[in-house]
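Each chain, written out:
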Amino acid sequence: MTTTQSLIIDTDPGQDDAVAILLALASPEINLLGITTVAGNVPLALTEVNARKICDLGGRQDVPVFAGLSRPLVRDLVTAEHVHGRTGLDGPDLPPPATKLQDQHAVDFIIDTVRAEPEGSVTIAPIGPLSNIAMALQRAPDIAPRVRQIVLMGGGCFEGGNITPAAEFNIYVDPHAAAVVFAAGIPITMMPLDVTHKALTTARRNEALRALGNRTGQAVAEMLGFFERFDEAKYGSDGGPLHDPCTIAWMLAPEIFSGRHCNVEIETASELTMGMTVIDWWQVTGRKHNAFVVGDLDADAFFELITTRLARLP
Ligand code: BDR
Ligand code: CA
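Keep in mind it's a predicted model, so treat the numbers as computed, not measured.

Asker: Which residues make up the nonpolar core, and what values go with them?
Answerer: One finds L7, I248, F257 and F302 to be the most contacted residues of the largest nonpolar core, which totals 60 residues. The element best represented in this core is helix α1 (residues 15-25), accounting for 8 residues. For I248, the contacting residues outside a window of four places in its chain are L7, I9, A20, L23, A24, I30 and A125. With 38 residues, the next largest nonpolar core counts A136, A140, A177 and I279 among its residues.

Asker: Talk me through the coordination of the calcium ion (ligand 2); I want residue IDs and the actual numbers.
Answerer: For a metal with four donors in a tetrahedral arrangement, the ideal angle between donors is 109.5 degrees, while six donors in an octahedron ideally sit at 90 or 180 degrees. Around the calcium ion (ligand 2), the protein contributes the donor atoms D12 (OD), D17 (OD), D17 (OD), I127 (O) and D244 (OD), which lie 2.2 to 2.6 Å from the metal centre. Each donor residue of the calcium ion (ligand 2) lies on the same chain, and together they follow the pattern D-x4-D-x109-I-x116-D. A residue pair is termed long-range when its members are at least 10 positions apart, and D17 in helix α1 and I127 in the loop between β4 (122-126) and α5 (131-139) qualify at 110 residues. The burial state of D17 is the same as that of I127; both residues are buried.

Asker: Describe the packing of aromatic side chains, with residues and values.
Answerer: Counted under the stated rule, the structure contains 7 aromatic pairs. Aromatic pair F302 and F303: ring centres 5.1 Å apart, planes at 85°, arrangement edge-to-face. Each member of the pair, F302 together with F303, is buried. Grouping aromatic residues by their ring pairs yields a cluster made of W250, F257, F292, F302 and F303. A cation over a ring is seen here: R75 above Y172, with NZ or CZ 5.5 Å from the ring centre.

Asker: Provide a residue-level description of the pattern of salt bridges, including the pertinent values.
Answerer: Applying the stated rule across the entire model yields 11 salt bridges. Measuring nitrogen to oxygen at the nearest pair gives 2.8 Å for the salt bridge that ties D142 to R115. Of this pair, D142 sits in the loop between α5 and β5 (147-153) while R115 sits in helix α4 (residues 106-116); the two residues are 27 residues apart in sequence, bridging distant segments of the chain. For D142, a relative accessible area of 37% corresponds to the partly exposed category. Accessibility expressed as a relative area gives 41% for R115, which makes it partly exposed. Here D300 and R205 are joined by a salt bridge, their closest N and O atoms 2.8 Å apart. Pair noted here: D300 is in helix α12 (residues 299-310) and R205 is in helix α9 (residues 203-210), with a separation of 95 residues, a long-range link. Its relative accessible area of 12% is what places R205 among the buried residues. Among the charged side chains, a salt-bridge network with shared partners connects R204, R205 and D300.

Asker: Could you give an account of the sheet that holds strand β6 (residues 188-191), naming the residues involved and the relevant values?
Answerer: Taking strand neighbours across the sheet as the criterion, the 8 strands line up as β3-β2-β1-β4-β5-β6-β10-β7 in an open arrangement whose pairing is mixed. Both edges of this open sheet fall to β3 (65-67) and β7 (257-262), since each of them pairs with a single strand only. Ignoring which end each strand starts from, the neighbouring axes of this sheet average 25° apart. In terms of strand pairing, strand β1 (residues 5-11) meets strand β2 (residues 30-37) through 7 bridges, oriented parallel. Across the sheet, S6 pairs through a bridge with N31, a residue of β2. Running over the sheet, α1 touches β1 and β2 and is turned about 165° from β1.

Asker: Go over the pairing of strand β10 (residues 291-297) with me, naming the residues and quoting the values.
Answerer: Along β10, 6 of the 7 residues are buried, which leaves the element largely enclosed by surrounding structure. Across 2 bridges, the pairing between β6 and β10 is parallel. Bridge assignment links T189 to a residue of β10, and that residue is F292. As paired strands, β7 and β10 are joined by 6 bridges and run antiparallel to one another. Note that in β10 the partner of C262 across the bridge is A291.

Asker: Any chance you could break down the packing of α1 against helix α11 (residues 245-252) for me, citing the residues and the numbers?
Answerer: Two elements in contact, α1 and α11, have axes separated by 7 Å at closest approach and are oriented at 25°. Taken together, the axis directions place α1 and α11 in an arrangement best described as roughly parallel. Facing α1, whose interface residues are D16, V19, A20, L23 and A24, α11 presents P245, I248, A249 and L252. Each residue belonging to the contact of α1 with α11 can be placed in one class, and the counts come to 8 nonpolar, no polar and 1 charged.

Asker: Please provide a residue-by-residue account of the environment of A291, values included.
Answerer: Counting through the fold element by element, A291 comes out in strand β10. Sequence-wise, A291 and A177 are 114 residues apart; in three dimensions their C-alpha atoms are separated by 16 Å. In this structure A291 touches F182, I188, R260, H261, C262 and V264, once residues within four positions along its chain are discounted.

The rules we used
Once a new chain begins, its residue numbering starts again from 1 and follows that chain's sequence as written. Ligands are numbered from 1 and chains lettered from A, in the order in which they are written. Thresholds applied to this predicted model are a pLDDT of at least 70 for local features of residues and 80 or more for the giving and counting of side-chain atom pairs; totals over whole chains, interfaces and linings are not thresholded and use all residues. Heavy atoms throughout the structure, all of them, feed into the side-chain values; hydrogens and water do not. Within this scheme, the nonpolar core is defined by two criteria: the residues are buried Ala, Val, Leu, Ile, Met, Phe, Trp, Tyr or Cys, and they are joined through side-chain atoms within 4.5 Å. Categorising residues by exposure relies on relative accessible area from a 1.4 Å probe, with only protein chains included: less than 20% of the type maximum marks a residue as buried, more than 50% marks it as exposed, and the intermediate range marks it as partly exposed. Going along the chain from the N terminus, every DSSP run of H or I of four or more residues is numbered as a helix, and every run of E of two or more is numbered as a strand. Whether two residues touch is decided by their heavy atoms; if any such pair falls within 4.5 Å, the residues are in contact. Note: metal donors comprise N, O and S atoms at 2.8 Å or less from the metal (3.2 Å for Na, K and Ca); water molecules are not included, so apparent gaps in a site are possible. Only Phe, Tyr and Trp rings take part, Trp by its six-membered ring, and two of them pair if their centres are within 6.5 Å. Stacked means planes under 30 degrees apart, edge-to-face means over 60, and tilted covers everything else. As a reminder, the over-ring test applies to NZ of lysine and CZ of arginine, requiring each to be within 6 Å of the ring centre and within 35 degrees of the ring normal. What counts as a salt bridge is simple: a side-chain nitrogen of Lys or Arg found within 4 Å of a carboxyl oxygen of Asp or Glu. Here, any two strands with at least 2 DSSP bridges between them count as paired. Every axis corresponds to a line fitted to the C-alpha atoms, with the helix fit spanning only the stretch in contact, and the corresponding angles, defined between N-to-C directions, vary from 0 to 180 degrees. Between 65 and 115 degrees an angle is taken as roughly perpendicular, under 35 as roughly parallel, over 145 as roughly antiparallel, and anywhere else as oblique. Residue polarity follows a fixed list, in which Ala, Val, Leu, Ile, Met, Phe, Trp, Tyr, Cys and Pro are nonpolar, Asp, Glu, Lys and Arg are charged, and the others, Gly among them, are polar.

Below is the structure:
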(Lines give C-alpha, C1' and ligand atoms only; values in the text may rest on other atoms or scores of the structure.)
(Ligands and ions follow the chains in the order given, each with its own letter.)
Protein backbone atom coordinates (compact mmCIF):
# COMPACT_ATOMS: atom_id res chain seq x y z
CA MET A 1 0.00 0.00 0.00
CA THR A 2 1.47 3.35 -0.95
CA THR A 3 -0.97 6.00 0.30
CA THR A 4 -2.35 6.63 3.77
CA GLN A 5 -5.79 5.10 4.39
CA SER A 6 -8.30 6.68 6.73
CA LEU A 7 -9.80 4.15 9.09
CA ILE A 8 -12.47 3.73 11.76
CA ILE A 9 -12.12 0.59 13.90
CA ASP A 10 -15.37 -0.67 15.41
CA THR A 11 -14.53 -3.05 18.22
CA ASP A 12 -15.40 -4.98 21.40
CA PRO A 13 -11.97 -5.51 23.01
CA GLY A 14 -11.11 -8.44 23.44
CA GLN A 15 -7.41 -9.42 23.41
CA ASP A 16 -7.37 -10.02 19.64
CA ASP A 17 -9.17 -6.71 19.11
CA ALA A 18 -6.41 -5.10 21.17
CA VAL A 19 -3.73 -6.45 18.85
CA ALA A 20 -5.68 -5.19 15.82
CA ILE A 21 -5.89 -1.70 17.34
CA LEU A 22 -2.20 -1.70 18.27
CA LEU A 23 -1.25 -2.83 14.76
CA ALA A 24 -3.17 0.12 13.33
CA LEU A 25 -1.64 2.53 15.86
CA ALA A 26 1.83 1.32 14.89
CA SER A 27 1.31 1.72 11.13
CA PRO A 28 1.96 5.05 9.41
CA GLU A 29 0.00 3.87 6.36
CA ILE A 30 -3.14 4.11 8.50
CA ASN A 31 -4.75 7.34 9.66
CA LEU A 32 -6.91 6.11 12.54
CA LEU A 33 -9.79 8.60 12.67
CA GLY A 34 -11.41 7.02 15.69
CA ILE A 35 -12.28 3.87 17.59
CA THR A 36 -15.95 3.06 18.08
CA THR A 37 -16.93 0.49 20.67
CA VAL A 38 -19.81 -1.93 20.86
CA ALA A 39 -21.13 -4.60 23.21
CA GLY A 40 -19.83 -8.04 22.32
CA ASN A 41 -17.10 -10.01 24.03
CA VAL A 42 -18.12 -8.17 27.22
CA PRO A 43 -20.71 -5.44 27.88
CA LEU A 44 -20.16 -1.94 26.46
CA ALA A 45 -19.14 -0.48 29.83
CA LEU A 46 -16.06 -2.71 29.64
CA THR A 47 -15.31 -2.60 25.90
CA GLU A 48 -15.10 1.21 25.85
CA VAL A 49 -12.76 1.18 28.85
CA ASN A 50 -10.65 -1.54 27.26
CA ALA A 51 -10.33 0.41 24.00
CA ARG A 52 -9.05 3.41 25.97
CA LYS A 53 -6.57 1.24 27.88
CA ILE A 54 -5.19 0.04 24.56
CA CYS A 55 -4.75 3.62 23.32
CA ASP A 56 -2.80 4.34 26.51
CA LEU A 57 -0.69 1.23 26.00
CA GLY A 58 0.11 2.27 22.44
CA GLY A 59 0.99 5.79 23.59
CA ARG A 60 -1.86 7.30 21.54
CA GLN A 61 -4.22 9.18 23.84
CA ASP A 62 -4.94 11.45 20.87
CA VAL A 63 -7.12 8.83 19.15
CA PRO A 64 -10.79 9.53 19.94
CA VAL A 65 -12.75 6.64 21.45
CA PHE A 66 -16.56 6.51 21.30
CA ALA A 67 -19.16 4.30 23.00
CA GLY A 68 -21.88 2.87 20.79
CA LEU A 69 -24.68 0.38 21.13
CA SER A 70 -24.95 -1.57 24.36
CA ARG A 71 -27.04 -4.32 22.77
CA PRO A 72 -27.76 -5.92 19.39
CA LEU A 73 -30.50 -4.52 17.12
CA VAL A 74 -33.05 -7.27 17.82
CA ARG A 75 -31.71 -10.09 19.96
CA ASP A 76 -30.45 -10.13 23.55
CA LEU A 77 -26.72 -9.62 24.07
CA VAL A 78 -24.54 -12.72 24.25
CA THR A 79 -21.02 -12.21 25.68
CA ALA A 80 -17.84 -14.30 25.73
CA GLU A 81 -16.21 -13.99 29.15
CA HIS A 82 -15.43 -17.71 28.84
CA VAL A 83 -12.91 -16.77 26.12
CA HIS A 84 -11.72 -13.28 27.08
CA GLY A 85 -12.04 -13.32 30.88
CA ARG A 86 -14.17 -11.23 33.22
CA THR A 87 -12.78 -7.89 31.99
CA GLY A 88 -12.62 -8.88 28.32
CA LEU A 89 -8.94 -8.07 28.42
CA ASP A 90 -7.66 -10.49 31.03
CA GLY A 91 -3.93 -11.19 31.04
CA PRO A 92 -1.88 -8.03 31.70
CA ASP A 93 -2.55 -5.69 34.59
CA LEU A 94 -3.33 -2.47 32.70
CA PRO A 95 -4.00 0.74 34.70
CA PRO A 96 -7.32 2.64 34.46
CA PRO A 97 -7.27 4.58 31.20
CA ALA A 98 -6.14 8.18 30.84
CA THR A 99 -7.50 8.39 27.29
CA LYS A 100 -10.85 10.17 27.52
CA LEU A 101 -14.16 8.80 26.32
CA GLN A 102 -15.72 11.17 23.78
CA ASP A 103 -19.21 12.52 24.50
CA GLN A 104 -20.49 11.83 20.98
CA HIS A 105 -22.26 8.51 20.34
CA ALA A 106 -20.27 6.09 18.17
CA VAL A 107 -23.05 5.87 15.57
CA ASP A 108 -23.13 9.67 15.21
CA PHE A 109 -19.35 9.73 14.89
CA ILE A 110 -19.44 7.15 12.09
CA ILE A 111 -22.16 9.06 10.22
CA ASP A 112 -20.58 12.49 10.65
CA THR A 113 -17.10 11.26 9.75
CA VAL A 114 -18.09 9.42 6.59
CA ARG A 115 -20.07 12.48 5.50
CA ALA A 116 -17.25 14.90 6.30
CA GLU A 117 -14.28 12.99 4.86
CA PRO A 118 -13.70 12.87 1.10
CA GLU A 119 -16.04 10.46 -0.68
CA GLY A 120 -14.55 6.97 -1.01
CA SER A 121 -11.77 7.62 1.49
CA VAL A 122 -12.92 6.01 4.75
CA THR A 123 -12.40 2.31 5.48
CA ILE A 124 -14.34 0.78 8.38
CA ALA A 125 -12.89 -2.28 10.14
CA PRO A 126 -15.59 -3.90 12.28
CA ILE A 127 -14.06 -6.53 14.57
CA GLY A 128 -17.02 -7.10 16.86
CA PRO A 129 -20.79 -7.48 16.35
CA LEU A 130 -21.99 -5.21 13.54
CA SER A 131 -24.63 -3.30 15.58
CA ASN A 132 -23.04 0.19 15.30
CA ILE A 133 -22.36 -0.13 11.58
CA ALA A 134 -25.86 -1.33 10.79
CA MET A 135 -27.43 1.39 12.91
CA ALA A 136 -25.35 4.03 11.09
CA LEU A 137 -26.42 2.63 7.70
CA GLN A 138 -30.07 2.50 8.73
CA ARG A 139 -30.08 6.04 10.09
CA ALA A 140 -28.00 7.51 7.25
CA PRO A 141 -28.24 5.43 4.07
CA ASP A 142 -26.42 8.23 2.23
CA ILE A 143 -23.14 7.16 3.83
CA ALA A 144 -23.07 3.74 2.11
CA PRO A 145 -21.74 4.94 -1.28
CA ARG A 146 -19.24 7.19 0.50
CA VAL A 147 -17.49 4.36 2.40
CA ARG A 148 -14.38 3.10 0.64
CA GLN A 149 -14.63 -0.44 2.00
CA ILE A 150 -15.53 -2.53 5.03
CA VAL A 151 -12.90 -5.01 6.20
CA LEU A 152 -14.53 -7.16 8.85
CA MET A 153 -13.79 -10.20 10.97
CA GLY A 154 -16.73 -12.54 11.11
CA GLY A 155 -18.43 -15.65 9.85
CA GLY A 156 -17.23 -19.00 8.67
CA CYS A 157 -17.47 -21.10 5.52
CA PHE A 158 -16.08 -24.64 5.64
CA GLU A 159 -14.84 -23.98 9.18
CA GLY A 160 -18.40 -23.67 10.52
CA GLY A 161 -18.97 -21.72 13.71
CA ASN A 162 -17.26 -21.13 17.03
CA ILE A 163 -20.16 -20.06 19.27
CA THR A 164 -22.65 -22.51 17.73
CA PRO A 165 -21.91 -25.28 15.23
CA ALA A 166 -23.17 -22.94 12.49
CA ALA A 167 -22.25 -19.43 13.59
CA GLU A 168 -19.19 -17.37 14.37
CA PHE A 169 -19.44 -15.11 17.44
CA ASN A 170 -19.50 -11.62 15.86
CA ILE A 171 -22.22 -12.51 13.37
CA TYR A 172 -24.17 -14.63 15.87
CA VAL A 173 -24.38 -11.82 18.42
CA ASP A 174 -26.08 -9.46 15.96
CA PRO A 175 -27.18 -11.35 12.83
CA HIS A 176 -29.76 -8.71 11.92
CA ALA A 177 -27.02 -6.08 11.87
CA ALA A 178 -24.82 -8.35 9.76
CA ALA A 179 -27.66 -8.78 7.27
CA VAL A 180 -27.94 -5.00 6.93
CA VAL A 181 -24.19 -4.59 6.37
CA PHE A 182 -23.90 -7.38 3.78
CA ALA A 183 -26.84 -5.89 1.86
CA ALA A 184 -25.52 -2.32 1.88
CA GLY A 185 -23.65 -2.45 -1.42
CA ILE A 186 -20.37 -1.40 0.19
CA PRO A 187 -17.24 -3.32 -0.93
CA ILE A 188 -16.64 -5.87 1.84
CA THR A 189 -13.57 -7.94 2.63
CA MET A 190 -14.49 -10.68 5.08
CA MET A 191 -12.08 -12.52 7.38
CA PRO A 192 -13.99 -15.66 8.41
CA LEU A 193 -12.82 -18.44 10.74
CA ASP A 194 -11.44 -20.24 7.69
CA VAL A 195 -8.52 -17.81 7.60
CA THR A 196 -8.31 -16.75 11.26
CA HIS A 197 -8.01 -20.35 12.43
CA LYS A 198 -4.75 -20.48 10.47
CA ALA A 199 -3.37 -17.43 12.31
CA LEU A 200 -2.29 -19.27 15.46
CA THR A 201 -0.42 -17.63 18.32
CA THR A 202 2.14 -20.37 18.84
CA ALA A 203 4.52 -20.25 21.81
CA ARG A 204 7.37 -19.22 19.49
CA ARG A 205 5.38 -16.34 18.01
CA ASN A 206 4.26 -15.16 21.44
CA GLU A 207 7.84 -15.28 22.76
CA ALA A 208 8.95 -13.06 19.87
CA LEU A 209 6.41 -10.46 21.04
CA ARG A 210 7.55 -10.72 24.66
CA ALA A 211 11.18 -10.42 23.52
CA LEU A 212 10.53 -7.05 21.87
CA GLY A 213 11.42 -5.55 25.24
CA ASN A 214 8.83 -2.74 25.07
CA ARG A 215 5.76 -2.53 27.31
CA THR A 216 3.45 -3.24 24.36
CA GLY A 217 5.20 -6.50 23.49
CA GLN A 218 5.10 -7.61 27.12
CA ALA A 219 1.40 -6.73 27.56
CA VAL A 220 0.41 -8.38 24.28
CA ALA A 221 2.30 -11.55 25.18
CA GLU A 222 0.40 -11.60 28.50
CA MET A 223 -2.92 -11.00 26.74
CA LEU A 224 -2.35 -13.75 24.21
CA GLY A 225 -1.05 -16.11 26.88
CA PHE A 226 -4.47 -15.78 28.53
CA PHE A 227 -6.50 -15.76 25.32
CA GLU A 228 -4.97 -18.87 23.75
CA ARG A 229 -5.72 -21.12 26.74
CA PHE A 230 -9.39 -21.50 25.90
CA ASP A 231 -8.86 -22.20 22.21
CA GLU A 232 -5.94 -24.56 22.78
CA ALA A 233 -8.18 -26.66 24.99
CA LYS A 234 -11.08 -26.40 22.53
CA TYR A 235 -9.22 -27.16 19.31
CA GLY A 236 -6.19 -29.06 20.62
CA SER A 237 -4.00 -26.57 18.74
CA ASP A 238 -0.66 -24.96 19.55
CA GLY A 239 -1.93 -21.44 20.21
CA GLY A 240 -5.21 -19.65 19.66
CA PRO A 241 -6.50 -17.95 16.51
CA LEU A 242 -5.58 -14.28 16.33
CA HIS A 243 -8.80 -13.32 14.52
CA ASP A 244 -9.20 -9.56 14.47
CA PRO A 245 -5.72 -8.36 13.39
CA CYS A 246 -6.31 -10.12 10.06
CA THR A 247 -8.42 -7.08 9.07
CA ILE A 248 -5.67 -4.53 9.67
CA ALA A 249 -2.98 -6.80 8.22
CA TRP A 250 -5.11 -7.05 5.06
CA MET A 251 -4.97 -3.26 4.70
CA LEU A 252 -1.21 -3.25 5.17
CA ALA A 253 -0.19 -6.39 3.26
CA PRO A 254 -3.01 -7.87 1.17
CA GLU A 255 -0.50 -10.04 -0.66
CA ILE A 256 -0.18 -12.36 2.34
CA PHE A 257 -3.89 -13.32 2.05
CA SER A 258 -5.90 -15.12 -0.61
CA GLY A 259 -9.62 -15.51 -1.21
CA ARG A 260 -12.39 -15.07 -3.74
CA HIS A 261 -15.43 -12.94 -4.47
CA CYS A 262 -18.63 -14.64 -3.29
CA ASN A 263 -22.23 -14.05 -2.40
CA VAL A 264 -22.72 -14.04 1.38
CA GLU A 265 -26.15 -14.16 3.04
CA ILE A 266 -26.86 -14.12 6.76
CA GLU A 267 -29.28 -16.50 8.48
CA THR A 268 -31.69 -14.54 10.69
CA ALA A 269 -34.68 -16.90 10.85
CA SER A 270 -33.67 -20.34 12.09
CA GLU A 271 -32.69 -20.62 15.77
CA LEU A 272 -30.69 -23.73 14.88
CA THR A 273 -28.40 -21.92 12.42
CA MET A 274 -28.91 -18.31 13.58
CA GLY A 275 -26.05 -16.07 12.41
CA MET A 276 -24.68 -18.56 9.92
CA THR A 277 -22.88 -16.92 7.01
CA VAL A 278 -24.09 -18.76 3.91
CA ILE A 279 -21.08 -18.28 1.63
CA ASP A 280 -21.43 -19.33 -1.99
CA TRP A 281 -17.76 -20.35 -2.28
CA TRP A 282 -18.43 -22.68 -5.21
CA GLN A 283 -20.54 -20.09 -7.06
CA VAL A 284 -23.56 -22.40 -7.29
CA THR A 285 -26.35 -19.87 -6.75
CA GLY A 286 -25.76 -17.16 -9.32
CA ARG A 287 -26.45 -14.65 -6.55
CA LYS A 288 -24.59 -11.35 -6.77
CA HIS A 289 -21.10 -11.17 -5.23
CA ASN A 290 -21.18 -8.93 -2.17
CA ALA A 291 -17.90 -9.77 -0.42
CA PHE A 292 -14.31 -10.81 -0.99
CA VAL A 293 -14.04 -13.82 1.29
CA VAL A 294 -10.54 -14.56 2.52
CA GLY A 295 -9.67 -18.23 2.96
CA ASP A 296 -5.93 -18.45 3.54
CA LEU A 297 -2.90 -16.50 4.73
CA ASP A 298 0.85 -16.78 5.12
CA ALA A 299 0.79 -17.06 8.91
CA ASP A 300 4.53 -16.51 9.37
CA ALA A 301 4.39 -13.30 7.32
CA PHE A 302 1.33 -12.19 9.31
CA PHE A 303 3.06 -12.63 12.68
CA GLU A 304 6.25 -11.06 11.32
CA LEU A 305 4.22 -8.01 10.30
CA ILE A 306 2.60 -7.75 13.74
CA THR A 307 5.87 -8.24 15.59
CA THR A 308 7.88 -5.72 13.58
CA ARG A 309 5.08 -3.14 13.80
CA LEU A 310 4.45 -3.52 17.55
CA ALA A 311 8.20 -3.04 18.06
CA ARG A 312 7.62 0.63 17.12
CA LEU A 313 5.25 1.28 20.03
CA PRO A 314 6.24 2.24 23.60
C1 BDR B 1 -14.42 -12.98 17.14
O2 BDR B 1 -15.17 -13.04 18.36
C3 BDR B 1 -14.45 -12.46 19.41
O4 BDR B 1 -14.39 -13.33 20.47
C5 BDR B 1 -13.08 -12.08 18.87
O6 BDR B 1 -12.65 -10.85 19.39
C7 BDR B 1 -13.30 -12.02 17.39
O8 BDR B 1 -13.69 -10.72 16.98
C9 BDR B 1 -13.99 -14.38 16.77
O10 BDR B 1 -15.09 -15.21 16.57
CA1 CA C 1 -13.55 -8.81 18.43
